[in-house]
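Summary of the model geometry
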Amino acid sequence: MKQTMLIGALHFLYLKRYLVIIIIFLFIGFMVFQMGSLSVDNSFDVWFVEDDPALSSYRTFRETFGSDEVVVTTITDSVSVFSCKRLKKVSALTDSIASINGVSKVMSLNNFNIPYFDSTGLVVVNPTRIACDDNRGPDLPDIFQKMKNTHQFVSPDQRTTAVFTWLDTLEDIDTQRKPILEKINRFAEQSVGGKIKSVNHGGFGVVFNALNEATINDGLKFILLSYIIIIILLLIVTRSILWTIIAILSVTLANITVFGLMGLFNRPVTMVTMALPPLIMVLGIANVIHISVHTNRRDDLKESDDTDNLIISLTLIVLPCLFNALTTAGGFLSLGVARMAVTRDYGIFAAIGVLSALVFSIIGTISFLKYMLKRTGGIFVSHSILQKAVTSIMLWATFHRKIICTGFAIIIILSLYAASHLVIDTYSINFLPQNHRVVEDSRLIEKKIGNYLPLEFIITPQNTIPWNSPQLLKLIGQVQKKSEKIDQIDATLSIADIRSQISKLSTIARFMGFSSRYIDVYKDSLEEQGIFRNLVDKGSNSIRLTVWVSMASAKQLTAIADSVLQIAQPILGSTAKINTSGYLPLYSRIVTNVMNDQTISFSIALLVIFILIGLILRSIRMVLVALPSNLIPVLLIFAFMGIMGINLDIATVTVAAAVLGIIVDDTVHILYNLRQQLSRGLSYEAAISNVAKQTGVAVVSTSIILISGFTVIAFSSIKSVAYTGL
């Protein structure tokens, strides 16, 4: 029944082949048009489901306190940052950045209002006024050294100053981020003129922007190079330009289809979905090689001029490819039940790519079958050396099952041990090469001004205690003081700092006999300083505590946050509760979410694949035979990663699914052919010999081509791309 339906479908395609080609041409044109809507998005939203409590909490934080995405720009010059000329330039730069659409607030040296007492009372003056005033005022370096939360704005040698830019809570921030960063960079370079030594930018937004650009640029470059290598090897293997064209066109059109549909349905390109082109290329080319090898080995195809006989014979070749594509696609489609959108996208579009690659290869084959049979010169893999080698290996394995089983057991034990050393963690900046500008900038910024990433906490008073309770603010000050002793923390900021500063000035004012109205003036000036905005939400009676940490991995950030919580909870006691908030805790949760989702989804995919293999081959025995050959390669991948110190993260988490898809492809072809040979009444040895000459040779040929192509990708400087090839 299945064979009859396939014969009818192939016959229809043959009769309507020119119409089908025209339809494909129009369809691909539409898909290319839709690719113009594609966007790259590696931000946190794609790693969480909409109803995730952590994501909801973060959105509440943004609505209450504003965005915590900070872009840090450091400017180094030979002139002291406290000179009148430098401070004027910093002031102009601050104003320019603040005028950018999408910027919430900007903080620099120029924003700080300096309080000091003279004979008239408390004076609050802008640093630029002090530096440019002919009448010598207070010593700026000395004042800034004594003030809290100012050391991040100037380096110890007073040659580097920092400008902190908070971005707005824009809905389309991931598309707006790049032009905002470009404007910040342009203003920074313009403001310092010709004496500039260096301008550096840092922040998670900067990393994401660089990662998006590098992934696309470097990824496309190496994928294109791998295409060239594979084309050359296909020409050698098939000895046919037409077979090579069909193979490359099939996978290219399949990739265009996948990314066109992603653009049509507004699905972003991520680190995970960037692994789709190599995967589709692998499985699509494998189909063409299997079809070409078996076609060139069937004398009934070469000797027949009758279209019906050709199609009937071709059906026997296409049928296992169809079974294999359905099995692989079924496995990937099972990822569609995942809760995370990025996992669902990978599974659904991988399935579409696998099926569309097969469809395009079948259409190409049936459209030019007669011509190819007349023009083909055979395939080099039919040469005796490779054929004998594959046959000998398969027959040896048949007669030495105990040795094979023992070897498998040893491999499994050693692989499990090596895989136990696998670290589950992600460090986004490490996906970039170490000599990348963003990586070097981050190091320089931390070296010059210290840690600059904000780790946010929310402190909620309990038992109707108000946020401005002196007792509570005193306890928060203790939490900050102890937290600043943690190695990875440079500074902290909360409303308690303002209260502490005001308290000190009040004491001095009383001692000097000045009126309290001077303190009120200073309070008003503090309210105008951007760094102290949004530190309290009076509506929810909650306080924001910011801890400045170094660029770190998800696991390291979790450890830092836990350390702060361990310090804070005993100090606050029943007075208040403290919880992590903001972006960095979400970043820390990405790994856990991805791994949990992928583990469940991969297990479902594995179950679906083997159920489909059982239904197609109608043999539980063959399913059991397929288990070790499919699972051991995946285990070996994890073992290799454990040995080489490659983390299991958002870039490598799809490798297992890709490997499984490739191995299942080979397994179905071999087992299907073996069942066909045995059904003809051949002995087991004779059946194995025939399978080795036909499917075994095709599998080895495919592996040689794909290993060569993926080896090229492995040399990519972008680790997320390189690991896919490796």
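Worth saying up front: this structure is predicted, and the values here are computed from it rather than measured. (Residues numbered from 1 in each chain as written. Predicted model: local features only at pLDDT ≥ 70, side-chain atom pairs only at ≥ 80, totals over all residues. Heavy atoms only, no water.)

**Comments concerning the overall build of the chain**
Summing up its helical and strand segments, the chain has 26 helices and eleven strands in all. In the chain, which comprises 726 residues, the share counted as buried stands at 56%. Accessible area of the chain: about 31,600 Å², with a carbon and sulfur share of 61%. (Helix = DSSP H or I, 4+ residues; strand = E, 2+ residues; numbered from the N terminus. Buried < 20%, exposed > 50% of the residue type's maximum accessible area, 1.4 Å probe, protein only. Areas by Shrake-Rupley, 256 points an atom, 1.4 Å probe, with all protein chains shown as cover.)

**Topic: helix H13 (residues 341–367)**
For H13, spanning 27 residues, the distance from its first C-alpha to its last is 38 Å, which sits close to the expected 39 Å at 1.5 Å a residue. Burial runs high along H13: 22 of the 27 residues are buried. (Expected span 1.5 Å × (residues − 1).)

**A few points about unusual backbone geometry**
Here the phi dihedral of Asn266 falls at roughly 55°; this positive angle occurs in a residue that is not glycine. You can see Asn266 is positioned in the loop between helix H9 (241–264) and helix H10 (276–297). Residue class for Asn266 comes out exposed when judged on its relative accessible area of 61%. In this model, Asn463 sits at a positive phi of 55°, which is unusual for a non-glycine residue.

**Some thoughts on the pairing of strand E8 (residues 489–493)**
Consecutive residues of a regular strand have side chains that alternate between opposite faces of the sheet. Across the five residues that make up E8, a large majority, four, are buried. Taken together, the four bridges between E8 and strand E10 (residues 542–549) define a ladder with antiparallel strand orientation. Each residue of the ladder has a partner; that of Ile489, found in E10, is Val549. (Pairing = 2+ DSSP bridges.)

**A look at the pattern of salt bridges**
Taken as a whole and judged by the stated rule, the model has four salt bridges. The partner of Asp441 in a salt bridge is Arg437, and the shortest N-O contact between them spans 2.9 Å. Taken together, the positions of Asp441 and Arg437, both in helix H17 (residues 437–449) and four residues apart, correspond to about one turn of that helix. The salt bridge partner of Glu456 is Arg544, with a shortest N-O separation of 2.9 Å. (Salt bridge = Lys/Arg side-chain N within 4 Å of Asp/Glu carboxyl O.)

**What about the pairing of strand E2 (residues 103–107)?**
Of all five residues that make up E2, four are buried, and the element is covered over most of its length. Here E2 runs beside strand E5 (residues 160–167); their pairing, made up of four bridges, is antiparallel. Bridge assignment links Met107 to a residue of E5, and that residue is Phe164.

**Concerning the environment of Asp497**
Among the secondary structure elements, Asp497 is positioned in helix H19 (residues 495–512). When the C-alpha atoms of Asp497 and Leu473 are compared, they prove to be 8.7 Å apart, with 24 residues separating the residues in sequence. Here the side chain of Asp497 touches Gln480 through a polar contact of 3.2 Å, side chain to side chain. (Polar contact = N/O pair within 3.5 Å; in protein donor to acceptor, adjacent residues only side chain to side chain.)

**Quick notes on the packing of aromatic side chains**
Counted by the stated rule, this structure contains seven aromatic pairs. Centroid distance Phe61 to Phe65: 5.5 Å. Interplanar angle 40°. Geometry classified as tilted. A residue pair is termed a helical-turn pair when its members lie 3 or 4 positions apart in one helix, as Phe61 and Phe65 do in helix H3 (residues 53–65) at four residues. Over the ring of Trp166 we find Lys105, and its NZ or CZ is 4.6 Å from the ring centre. Seen from the ring of Phe187, Arg186 lies directly overhead, with NZ or CZ sitting 5.6 Å from the centre. (Phe/Tyr/Trp six-rings, centres within 6.5 Å; stacked < 30°, edge-to-face > 60°. Lys NZ or Arg CZ within 6 Å of the ring centre and 35° of its normal.)

**Side note on the packing of helix H16 (residues 401–419) against helix H23 (residues 620–644)**
Between H16 and H23, the shortest axis-to-axis distance is 8 Å and the interhelical angle comes to 35°. The interaxial crossing formed by H16 with H23 has left-handed handedness. Taking contact as the criterion, the partners of Phe408, Ile411, Ile412, Ser415, Leu416, Ala418 and Ala419 in H16 are, on H23, Pro628, Ile632, Leu635, Leu636, Phe638, Ala639, Gly642 and Ile643. Here the residues of the contact of H16 with H23 sort into 13 nonpolar, two polar and no charged. (Axes fitted to C-alpha atoms, helices over the stretch in contact; angles between N-to-C directions. Left-handed = near helix turned anticlockwise from the far one by under 90°. Contact = heavy atoms within 4.5 Å. Nonpolar A, V, L, I, M, F, W, Y, C, P; charged D, E, K, R; others polar.)

**Regarding the confidence of the model for the chain**
Summary statistics for the chain give a mean pLDDT of 78 and a share of 83% for residues scoring 70 or more. pLDDT under 50 marks residues 376–382. Its contacts with residues more than four places away, or in other chains, come to 23 contacts. (pLDDT = per-residue confidence, 0-100.)

**Things to note about the environment of Met5**
Tracing the sequence through the fold places Met5 in helix H1 (residues 2–15). With relative accessibility at 55%, the residue Met5 sits in the exposed group. Each C-alpha atom of the pair Met5 and Thr315 lies 9.9 Å from the other, and the pair is 310 residues apart in sequence.

**Considering the side chain of Arg62**
Among the structural elements, Arg62 can be located in helix H3. One buried charge, Arg62, has no salt-bridge partner; the nearest side chain with opposite charge is Asp68, at 5.2 Å. Residue contacts for Arg62: discarding those within four places in its chain leaves Ser67, Thr169 and Leu170. (Lys, Arg positive; Asp, Glu negative; His and termini not counted.)

**Notes on a nonpolar patch on the surface**
On the surface, a cluster of nonpolar side chains totalling about 460 Å² of accessible area is made up of Leu224, Leu225, Ile228, Ile232 and Ile236. Residue placement: Leu225 occurs in helix H8 (residues 204–238). Judged by relative accessible area, which is 39%, Leu225 ranks as partly exposed. (Patch = residues over 30% accessible without salt bridge, like charges linked within 9 Å, V, L, I, M, F, W, Y side chains within 5 Å.)

**Re the nonpolar core**
By size, the foremost hydrophobic cluster in this structure holds 99 residues, and its most contacted members are Phe164, Phe457, Val549 and Leu572. Here Val549 is in contact with Asn451, Tyr452, Leu453, Leu455, Gln488, Ile489, Leu557, Ile560 and Leu584, once residues within four sequence places are set aside. Counting 96 residues, the second largest nonpolar core, distinct from the first, contains Tyr14, Leu606, Tyr672 and Ala692. (Core = buried A, V, L, I, M, F, W, Y, C linked by side-chain atoms within 4.5 Å.)

**Some details on the packing of helix H2 (residues 17–35) against H9**
To describe two helices that pack against each other, one gives the angle between their axes and the distance between the axes. Viewed as axis vectors pointing N to C, H2 and H9 meet at an angle of 50°, and their least axial separation amounts to 7 Å. By the angle between their axes, H2 is oblique relative to H9. Remark: the crossing between H2 and H9 carries left-handed chirality. Contact with H2, carried on its side by Ile24, Phe27, Ile28, Phe30, Met31, Val32, Gln34 and Met35, involves Leu253, Ile256, Thr257, Phe259, Gly260, Leu261, Gly263 and Leu264 of H9 and no other residues of that element. Here the contact of H2 with H9 is composed, by residue class, of twelve nonpolar, four polar and no charged. (Parallel < 35°, antiparallel > 145°, perpendicular 65-115°, else oblique.)

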